[in-house]
Every structure is written in C-alpha cells, then in structure tokens.
Amino acid sequence: MGQPRFEKVAFIGLGLIGSSLARVIRERQLAGCIAASSRSQTTLDQALTLGVADEVHRDPADAVRGADLVVLAMPVCATEAVLTAIRLALKPDAIITDVGSTKGNVVEAAKAVFGEQLPAGFVPGHPIAGGEKTGVTAGKVDLFAHHKVILTPLESSDPEAVRRVRELWQAAGAEVLEMPVDRHDAILARTSHLPHLLAFALVEQLAAASDNLDIFRYAAGGFRDFTRIAASDPLMWHDIFMANKTAVLDALDGFTQQAAALRERIVSGDSSGLLGVLGRAQAAREHFTHMLAKTPYMETTSVSQQFTLNGGGSLRGRLHIPGDKSVSHRSIMLGALAEGVTQVSGFLEGEDALATLQAFRDMGVVIEGPKNGNVTIHGVGLNGLKAPAGALYMGNSGTSMRLLSGILSAQSFDTVLTGDPSLTKRPMERIAKPLRLMGAHIQSTGERGTPPLSIKGNQPLTAIHYDLPMASAQVKSGILLAALWAKGTTSVSEPEPTRDHTERMLQAFGYPVSVNGNIVSVTGGGTLTATRIQVPADISSAAFFMVGAAISPNSDVTLLQVGINPTRTGVIEILRQMGADIQLENEAMAGGEPVADIRIRSSQLKGINIPEDQVPLAIDEFPVLFIAAACAQGRTVLTGAEELRVKESDRIQVMADGLHLLGIDCTPTPDGMIIEGKGQPDSWPEVFAGGQIESHHDHRIAMSFTMASLRSSQPIHIMGTETVATSFPNFTLLCQQAGLPIQVTE
Ligand code: S3P
C-alpha cells in the first residue's frame, strides 16, 4: 500500500468526518497544505486553533484554488450549491471526493453542475463511521480505523484517482470497498437510514405522549439502546432521508409490512409464528456478528484462547459426555424436512451443530431451543424450505456443508455455502461430483475445489449408483439426502463401512432405506414423519477421557450412556488391542442407536499395527490414539488413513509436529504415522517433555494434547483452543470434574 501525497487538500465543511480526515492527513503528513471552508466562522477559527487546517476561507472557491484533492464534507443537500461555487476555481486534474451517506443524489448534483461529462477526478465515497457528537472539535484521528469506507467510482472516474482516494482512506486505517451507486444507496437505506428514522420516530412517539415525563423516567435499557442514534444531527439526517428518498421509502415500506405482520400474529394469537419470527431474528443477529467476524459461534470463545496444563495427574469419576455431533446434525436436518414436530433431547450445543441449526432457521424453519439439550423442530416437509436471505454460514463444520449440499441441490432456490478459514480449505469436489451426476448444478468456487459452494435451484435430480472412491460418511450421507428428491432409486457403495447415522435416522423418521452388504439404497419421493430423537453421548468426545484414563496411573473413569454404534467403535477395538482395560456396562438402545456406559482404567499399553479396516470406524479418534501410542511400549504403525490430512487440519502433520516438540520419535507418512512409544513395563514414566503446542485451531488436536499432559514432566501450553467449543463445549469443566484442572487464558 502506497502513501498518498497531495500538495494541497481542500475541505469544504469541517464537521466530525471532515475534521477527522484532516487530522489523519495532518498526522500522517499526507499533504503540504490543508485548506478549509465552512459556513461557520467559529468552525474556521477553531480549525486554526486546533491546527486542523493551515488556511481557512469563507468562500469555498478560495479554498479549492490550487488544490489537487477536494473533499466535500458538508451535508449532502448542499452538494449542488457547493459544486456550482467551486467549479471554475477547480484545478482541471483535481481529485474530488465526498463523504456523504447517500451517493445517488451527490452524483445527480454533480451532473447538474458539470453536465453528463463528469470530471475524471470525481470519485464519490462514504466512510461508514461517525458518532452522535458533531463539529470540528469532535473529530478524532482514529475515527476511521477498522471501519469500512465505500467508494462508488463512476464510469467517468479515472482509475488513478480511484487508487489515490483508496490509499487515502487506507492511510486512515479504513477497509475500502467498492460498489455501484444504486447498491450503496439501497444497502445504506436499510442498514443505516431506516434504523435512524425509526429511532427518531420512537423518541418522537414517546415525547409527544401526554404522560411523557413519566414514560421517560421509567424508560430503561431497551429504550436507551434503541434510541441512542436519535441524538444525531437532525439537519444531517433530514438531508439524508430526503436525498435517498426512494431507497429510504422502500426500506420503510418493508418495515411497515413486517410490523403489520407481527401485529397480526399477536392479534390472532399465532404464538408459534411469533416465536418463529423472534427466534429467527435473535439467531440472525448473532449469526451476522459471527459471519462478519468469521469467528465460531459461541460468544464465550475468542480466537486467541490457550490451555495450560501442569503435567501429571490421573482421571477419576462418572462423566456425562455431551451429545453426538454427527447425530445432532442429522436430527436437525431430518426434523426440519419432516412432516410434524420433532423433539430432540441430548442435542450437542456445540458450534458445528449450531451452524446446521442456524442454516435451517435461515431457510424459514421454526426451531425452539436448544435449551439444556432439548430442541423442538417444526418440520416443513420435504418441499417446505424457503430461500435464505444470504449465504449460509457453516462455521468450522465440514459435516454441515457436505450434508447440506445434498439437500440444497434439490431445492427450488439458489444457495451459497460459506465457512470459516479452516472449512474454506477443505475439499468439496468429493460431494459436488456425485451430486452433479444426479443433475445438480453445484460449483465449488474456492481455489482448489474448496468452498464457497454455489448451488443452483430448480434442477431435477435423477437417481444414480455411485461407488465412493473414499470411505466418507459425509459424502455417502450427502448423496443419500439428495436421493430423497431424486427420481428412482439411488445407491451408494462404500469401500469400507463408515458411520451409518443417516441410514438409521432416515428409518427412525419412517423413510425406507435398504442396506445390502456395502450398498445402501434410497428411493426418492417418500415423506419423513416427525419423531423423537434421543442423541447419545459422543464416543468421539468420550475418546479423550478413554485415552486419558488408560495412559495415567490410578485412573478409573466411567463415561455414561455413550453411543456404541458399531460404525463408531474403532477406538474401543484399537485401545483393547493395545491392551487397555475397557468394560461396557448397562447396554441399551436410545433413539435407534446402541448406548452403553464405558468404564476404563489405567492400563499398560503396547504398540500395535492398527488394522486398516478400523480406520473409518475411528477416523476422528486418531489424534488422541497417537497420544496413547506415544505412551505405549513399542512401535505403533497407522496406515490407510490419508483422510486425516483433510480434516479440520492436516492431522498427520500437526500431530507429528506436536509429538516431536514433546520429545516423541515419530514419522509422518502420506497415509499415517509411525510412533515409537516410550512406555516401560510395570511403571509409569513421564513420556512427554513440556512445551508450547500449536493446535492449528483444530479442536481434536487441542483436546488430544490436553490428555498428553497426564504423562508430561513439564507444563504443556496449547495454543488456539477456542475451537474446542465446536464439538465439546464443556470439555474444560469435565476435565476439572475428572481431576485434570486446565488453566484457560483468553
Ligand atoms: C462425519 C463423518 C466423518 C467425520 C466427521 C463427521 C459425519 O467425516 O470425520 O467428524 O457426521 O458424517 P468423513 O465422512 O469425511 O470421513
């Protein structure tokens, strides 16, 4: 980014915005001279006293003479008069920009003065910053830092002038965007002008009431928060409402309709409709915040969190592990697409499953909760989803994106799926390709077949048979979900069995699924019927405590009612082969899934060659199994697990880096890892040296190294742990309960 340099900058108007930009130019030494013109002599006097301007003029023509940059910073309705006054005094190649909140009328005013052929130096702009305080004394040099500035260059604008105006705002610390004039005005009408109009209106409504004194006296937080912006400059807002008349009226009409619809719901006692609107609005408010910040969902997380563990200890107790992530995702999807009301209990309130929940809210489904793991979904049927207003944000969740791709390929509306920086690096062609074979129009618009995904609506789907090239439950499920709308019978064959929650849950919703060896088939055109879903505890989350208890002396942990679906129990099988003492108690069925209490005690583990057929059945558990392998006696070899390289991080490399750092001899291979365990017969030596681990914002890496601390001689610091909340929001609390205190630093 270059530093723009001007000989003379002239400000016409020196209020909050103009004087703040002048302060930036002064401080960064971007101009030889700053001239200012204002209708107010007091402003001009103050500008000199404050050192904001070098020369001041009552007549704007005098200010712009010789200026190579002219900034129009007065109320927008004065634009035509000011341009008329300065036209003949302007340098022919001067850059002219403005800071007005409306752009259409500024361009119209310029045309009225210059004719259709506007000066090449004319680049309209709008910094989205401000405050209720006005005037030259209120200006601040950092007013624009981390704010957006929208430039609306015209066809006549010289690209060089646009570049210099852009650099000027960047020098002020702003993020500069460009868009057409009309779009700017329509967006600002809704996001800024309408809220101001409503704030003024609400204060006026209360102020005009006969008992206004009482009302104001009792008006508390809500009134204060909602009406803060009604303290803004009336003249400025008068000008904005008038100048952006068409777009403001459109926005106001939209609001009036919305208010009338809400009124009607209250009048008619439509409480589920009312709840739907309020729930969607509340969730959307949160969602936008996160979408813009590109952070995960939960307010309590921040992107720089770290764990510190002292080293040593053991795990004991009976623990309730939170709900299964895979089952939670599917309960929302099928519940939303079913006829009737589905009740879910044990839902995982982690960010990934919440991203799925939010996506269906965005598509018009009324969902109550989650509250203590309970969710009520008012199903809309297979053809009841509505077009979302914007892109669907999947956060960190690959499952949400791949399964939803199948569902969305069959809808009557277009959608775009986006995610956080980790998700936007993950491969999506693996699901896009089979969906295309079914007739879907789906495009991965990232650089290498990665998100965002753009899906076109109204594409009739036809059944296919698909041989999955990799063992992936996500891809299998995406295809089976699309098959619900496809003509004919879709079948998918898998090279190895993968988790079958989609198949089980479709059947729980009354949808026939046929399973023949390694081939699953679904015929389109049926219906899903609402049901009750009890989500079992997540064996992938339980795995951290299983390994933690196995590797540490004097440990004895029971994990209650954990899902033991045979397509998920690879971790039990592998740990048993390594010599772990694991018992299953109280086996039962819950919501179509087998569950059991898993008891696990300290065990002397030994290294093994992990059977490749166990890989898909333990795919998410390898990071923590590597920790177990490091504590075992002898060598452990994993092969056939190249999928680990495309999870939330490259789990082979990231784990190898962390293990090396903690003093473990291990070799990453393209499809697995060789780990030389440091275990000793009949003793519990400290296996890991302490150190600082980089989790690469991968939840399972962070939780795995947490368990490593149980056999560490020194403290372990784990960086980037905020993503633990994607799958295991109360992980630190459960560690504490089991006797492993974690110090969390934000
Ligand atoms: C999941 C399938 C697995 C797993 C992921 C959840 C699912 O991914 O790693 O955490 O819910 O279907 P792949 O199917 O891509 O292996």
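Thresholds, definitions, all that
- Residues numbered from 1 in each chain as written.
- Predicted model: local features only at pLDDT ≥ 70, side-chain atom pairs only at ≥ 80, totals over all residues.
- Heavy atoms only, no water.
- Helix = DSSP H or I, 4+ residues; strand = E, 2+ residues; numbered from the N terminus.
- Buried < 20%, exposed > 50% of the residue type's maximum accessible area, 1.4 Å probe, protein only.
- Contact = heavy atoms within 4.5 Å.
- Areas by Shrake-Rupley, 256 points an atom, 1.4 Å probe, with all protein chains shown as cover.
- Lys, Arg positive; Asp, Glu negative; His and termini not counted.
- Charge placed at Lys NZ, Arg CZ, Asp CG, Glu CD.
- Near = heavy atom within 4 Å.
- Polar contact = N/O pair within 3.5 Å; in protein donor to acceptor, adjacent residues only side chain to side chain.
- Domains from an automatic or database assignment.
- Pairing = 2+ DSSP bridges.
- Right-handed = clockwise from strand over helix to strand, strands pointing away.
- Axes fitted to C-alpha atoms, helices over the stretch in contact; angles between N-to-C directions.

A. Just the overall build of the chain, in detail. Along its length, the chain carries 24 helices and 32 strands. Projected onto the principal axes, the alpha-carbon positions of the chain cover approximately 90 × 60 × 55 Å. Among the 746 residues that make up the chain, the fraction classed as buried is 55%. A separation threshold of at least 6 residues defines the contact pool for the chain, and within that pool the share at least 24 residues apart is 76%. Within the structure as shown, the chain displays about 30100 Å² of accessible surface, and the carbon and sulfur contribution to it stands at 52%. Charged side chains in the chain number 61 positive and 77 negative. The centres of these two groups are separated by 1 Å.

B. Spotlight on the site of the ligand. Taken together, Lys-325, Ser-326, Arg-330, Thr-399, Arg-402, Ser-472, Ala-473, Gln-474, Arg-499, Ile-619, Asp-620 and Lys-647 make up the full set of residues adjacent to the ligand. Within the side chain of Asp-620, a nitrogen or oxygen atom sits 2.6 Å from an oxygen atom of the ligand. Protein chains bury 96% of the 390 Å² of accessible surface belonging to the ligand in isolation. Those elements giving two or more residues to the shell around the ligand turn out to be α13 (325–337), α15 (398–408) and α17 (473–483). Top element by residues in the shell around the ligand is α13. It accounts for three residues. Residue-level mapping places the shell around the ligand at the junction of two domains, with at least three residues from each of domain 3 (307–320 + 538–745) and domain 4 (325–534).

C. Representation of the pairing of strand β2 (residues 31–37) within the structure. Most of β2 is tucked away: six of the seven residues are buried. By the bridge criterion, six bridges tie strand β1 (residues 6–12) to β2 in an arrangement that is parallel. Bridging from a neighbouring strand, Phe-11 pairs with Ala-36 of β2. Crossover handedness for the path β1 to helix α1 (residues 16–28) to β2: right-handed. By the bridge criterion, three bridges tie β2 to strand β3 (residues 55–57) in an arrangement that is parallel. Residue Ala-36 lies in a different strand from β3, and its bridge partner there is Val-56. Crossover handedness for the path β2 to helix α2 (residues 41–50) to β3: right-handed.

D. Main features of the sheet that holds strand β22 (residues 519–523). Strand order across the open sheet formed by four strands is β19-β20-β22-β21, with mixed pairing between neighbours. The sheet is open, and its two edges are formed by β19 (465–467) and β21 (514–516), each paired on a single side. Direction aside, the axes of adjacent strands within the sheet are offset by 15° on average. Where strand β20 (residues 489–493) meets β22, five bridges bridge the pair, whose relative direction is antiparallel. Across the sheet, the residue bridging to Ser-493 is Ile-519, located in β22.

No statement about biological role is implied by the geometric values presented.
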